[in-house]
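# Observations on the three-dimensional arrangement
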Amino acid sequence: MDHSCIDIYITRDVDGYVVAPAGSPLPEDAMTALGGVVHGWMQQVGEAARLPGWRGVCRDIDACGYSVLSDEDFVALLLPGELAPPPTPLRMQPGAGAVAAAA
């Protein structure tokens, strides 16, 4: 199955996304369990195919035809770098090293 072009769906009741090969049907019962999904867009996987986390997504797709991603996994794997949220800035504390700044 070609994983290079995917459809991205937004879940209704669960925070996350469903990804599937472009144009492939989704199982109705599984999507109902997620509260339904809304088609968001289609995109090329591009460089994400080289990321270790993408292998797990491909295994899910090969096993059941789709993969469910959390918001964090989606950002790490499929959100273009220029749209990704900026990294948390580091704040130096005397003698304690660097810690993430409080948001």
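Residues numbered from 1 in each chain as written. Predicted model: local features only at pLDDT ≥ 70, side-chain atom pairs only at ≥ 80, totals over all residues. Heavy atoms only, no water.

## As for the pairing of strand 2 (residues 17-21)
Note the cut-off: The cut-offs for exposure are 20% and 50% of the maximum accessible area for each residue type, with area from a 1.4 Å probe on protein chains only; residues under the lower value are buried, those over the upper are exposed, and the others partly exposed. Put simply, DSSP H or I for four residues or longer makes a helix, DSSP E for two residues or longer makes a strand, and each gets a number counted from the N terminus. A pair of strands counts as paired when DSSP detects no fewer than two bridges linking them.
Of all 5 residues that make up strand 2, 5 are buried, and the element is covered over most of its length. What sits between strand 1 (residues 5-11) and strand 2 in their antiparallel hairpin is a turn of 5 residues. Two elements, strand 2 and strand 4 (residues 67-69), share 3 bridges in a ladder whose sense is antiparallel. Paired with Tyr-17 across the strands is Leu-69, a residue of strand 4.

## What to know about the environment of Ala-20
Filter applied, for reference: Residues are treated as being in contact if the distance between any of their heavy atoms lies within 4.5 Å.
Along the chain, Ala-20 turns up in strand 2. For Ala-20, a relative accessible area of 0% translates into the label buried. Along the primary structure Ala-20 and Gly-65 are separated by 45 residues, whereas in three dimensions their C-alpha atoms are 6.3 Å apart. Filtering out sequence-adjacent residues up to four positions away, Ala-20 remains in contact with Cys-5, Ile-6, Asp-7, Leu-26, Gly-65 and Tyr-66.

## Some points on the environment of Ala-22
On the secondary structure map, Ala-22 appears in the loop between strand 2 and helix 1 (28-33). Judged by relative accessible area, which is 34%, Ala-22 ranks as partly exposed. Separated by 21 residues in the primary sequence, Ala-22 and Gln-43 place their C-alpha atoms 8.4 Å from one another. Those residues within four positions of Ala-22 in sequence are excluded, and the remaining contacts are Cys-5, Ile-6, Asp-7 and Met-42.

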